[in-house]
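Now for the letters of each chain:
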Amino acid sequence: MSYVTVRELPQIRREDRGLPVLGRALAYARDPVALFERQWEHYGPVAPLRGLGGTWVMLLGPDACQAAFQNGEKAFANGPAWSQLVGPFFDRGLMLLDFDEHRLHRRIMQEAFTRPRLEGYAGGMHPAIERGLATWAPASGFRSYPALKQLTLDIAADIFMGGAEDATPEEMERVNRAFVACVQAAGAMVRKDLPLTRWGRAHRGREVLEQWLRHYLPSRRARLTDDLFSQLCHIETDGGERFSDDDVVNHMIFLMMAAHDTSTITLSTMLQHLGQHPGWQERCRAESAALGPRPSLAELDGLTSLDLVMKECLRLRAPVPVVVRQTVKDVVVEGVRIPADTFVIVAAQFSHLRPDLWTDPTSFDPERFSEARREDRSHRFAWEPFGGGVHKCLGLFFAGMEVKAVMHHLLRSHEWSVDPSYVAPLNNHSLPFPTDGQPVDLRTRP
């Protein structure tokens, strides 16, 4: 008979306690990867961390992340942890549901992401991309991140809502700011609805989003169409249960955020690296030039070089570098007991940069994902930008299709360059984004 020694969580070293109340939250905001490395060095794969609200546990490395993602003992729950960070603003969204309720809602929503529907979305998003890119004014230092964010929001409005038919550009900009405010609430230090605070701005943002969606709700209830908004309004369970108006609005707010924020981060990272590596830009452009202006889903799938670049950029800058959980019972991970009711940070980004899993992990090297190398197979959870287990991103294939479609149009219509020494100054309070707007020297192709 063999015995496994179970250790208790180590005590946090005095030098790692951080600030009162805030703990190491500011250290994460300054440089998450540096914090991951320090935690790994001092504590190993199960590392205690002082953060907002008390002591958390950080899971580092693919084995520890796998334990939380696969959740074989059903010890990790999403809802209580995400509610701690952004609950009031994405309340009852799919990411905040657990176990049987999550399984039911996810099964319903999967109908919106089948292959036939993705094929329809692929055709439907080209006009929105063309309209958006037509408004870009190529220039030296073009701020690509805000331009891409508005573009992906417009795509989400077209595909998920069937178009916001009477919305003005000013209203869509207000909606965009509202989504930003809700996402950035995760890094709020003051968690009260007060003026001039992140938390207060997020409350105002949530109100904007609810009003916007409820304005369109009667028309979507009245007629069944192919867009997700209408589908959520009409779909029924076998027992005849339907989503309430509140359910529809809650799911739409979360899905609209997930559909454009993460894609924007990936697109801006790709613009940076393709601008710094003109050989890869030309390689991707040659593949897009061989297709028509509005490729099908199958044709987008065939953009091999672009797929390699996208995967490498998702590795280098995961749009969601960490996810959070709360233990609902005691659980042992990597030989360390984590007590019930503990908030847990699952740091997938750390696995993306480990030298024992990847060759020269901080370098841009898309070929590492080629069939000849497949470094992502060094461990099942070496590369998990979309999470894993039952909570793995439902829209990951939609996101890949959208990113490739936008890049396809950009490669055919524009060229760009970025200083090889440029390093994006990231805001890491929530989802990472470049505070300088990700400048590129953008030119229109003849």
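Residues numbered from 1 in each chain as written. Predicted model: local features only at pLDDT ≥ 70, side-chain atom pairs only at ≥ 80, totals over all residues. Heavy atoms only, no water.

By secondary structure assignment, the location of Asp307 is in helix H14 (residues 304-316). The exposure class assigned to Asp307 is buried, which follows from its relative accessible area of 17%. Sequence-wise, Asp307 and Trp40 are 267 residues apart; in three dimensions their C-alpha atoms are separated by 31 Å. (Helix = DSSP H or I, 4+ residues; strand = E, 2+ residues; numbered from the N terminus. Buried < 20%, exposed > 50% of the residue type's maximum accessible area, 1.4 Å probe, protein only.)

Before going further, it helps to spend a moment on the pairing of strand S10 (residues 414-417). Alternating residues of S10 divide into His414 and Trp416, all buried, and Glu415 and Ser417, none buried. Judged from the 4 bridges that link them, S10 and strand S13 (residues 439-444) form a sheet pairing that is antiparallel. Residue Trp416 lies in a different strand from S13, and its bridge partner there is Leu442. (Pairing = 2+ DSSP bridges.)

An order of S1-S8-S7 is seen for the 3 strands of this open sheet, with the pairing classed as mixed. Among the strands making up the open sheet, the edge pair consists of strand S1 (7-8) and strand S7 (331-333).

Let us look at helix H8 (residues 169-184). Along its 16 residues, H8 runs 23 Å from first to last C-alpha, staying within 8% of the 22 Å computed at 1.5 Å per residue. Restricting attention to buried positions, one finds in H8 the residues Glu171, Met172, Val175, Asn176, Ala178, Phe179, Ala181, Cys182, Val183 and Gln184. The elements touched by buried residues of H8 are helix H4 (79-86), helix H7 (144-161), helix H9 (198-222), helix H11 (245-276), strand S11 (426-427) and strand S12 (433-434). (Expected span 1.5 Å × (residues − 1). Contact = heavy atoms within 4.5 Å.)

What follows is about helix H6 (residues 115-134). The end-to-end C-alpha distance of H6 is 29 Å, a good match for the 28 Å that 20 residues give at a rise of 1.5 Å each. The sharpest bend along H6 measures roughly 25° and falls at Met125, with the proline Pro127 sitting one to four residues further on. Considering only its buried residues, H6 is in contact with H7, helix H13 (297-301) and helix H16 (396-413). (Bend = angle between axes of the 7 residues up to and from the residue.)

So, about the packing of H11 against helix H12 (residues 278-289). Two measures define how a pair of helices packs: the angle their axes make with one another and the distance between the axes. Two elements in contact, H11 and H12, have axes separated by 5 Å at closest approach and are oriented at 110°. By the criterion of interaxial angle, the relationship of H11 to H12 is roughly perpendicular. Within the contact between the two elements, H11 uses Leu274, Gly275 and Gln276 and H12 uses Pro278, Trp280, Gln281 and Cys284. The residue makeup of the contact of H11 with H12, split by class, is 4 nonpolar, 3 polar and no charged. (Axes fitted to C-alpha atoms, helices over the stretch in contact; angles between N-to-C directions. Parallel < 35°, antiparallel > 145°, perpendicular 65-115°, else oblique. Nonpolar A, V, L, I, M, F, W, Y, C, P; charged D, E, K, R; others polar.)

Next up on the list: the pattern of salt bridges. This structure, assessed with the given rule, holds 34 salt bridges. For the salt bridge of Arg373 with Asp365, the shortest nitrogen-to-oxygen distance reads 2.9 Å. Given the relative accessible area of 35%, Arg373 is considered partly exposed. Glu375 is the partner of Arg368 in a salt bridge, and the nearest nitrogen-oxygen pair spans 2.9 Å. Taken as a pair, Arg368 and Glu375 share a single burial class, namely buried. Residues joined in a network through salt bridges with shared partners are Glu312, Arg315, Asp365, Arg368, Arg373 and Glu375. (Salt bridge = Lys/Arg side-chain N within 4 Å of Asp/Glu carboxyl O.)

One can find Thr152 in helix H7. Relative accessible area serves as the criterion here: at 0%, Thr152 is assigned to the buried category. For Thr152, the side chain forms a polar contact with the side chain of Thr264, separated by 2.7 Å. (Polar contact = N/O pair within 3.5 Å; in protein donor to acceptor, adjacent residues only side chain to side chain.)

This brings us to the packing of H11 against H16. In contact at an axis separation of 10 Å, H11 and H16 are set at 45° when each is read in the N-to-C sense. With respect to H16, the element H11 is oriented oblique. H16 is crossed by H11, and the crossing has right-handed handedness. Of H16, the residues touching H11 (which contributes Ala259, Ser263, Thr266, Leu267, Met270, Leu271 and Leu274) are Ala399, Glu402, Val403, Val406, Met407 and Leu410. In the contact of H11 with H16, the residues fall into 10 nonpolar, 2 polar and 1 charged. (Left-handed = near helix turned anticlockwise from the far one by under 90°.)

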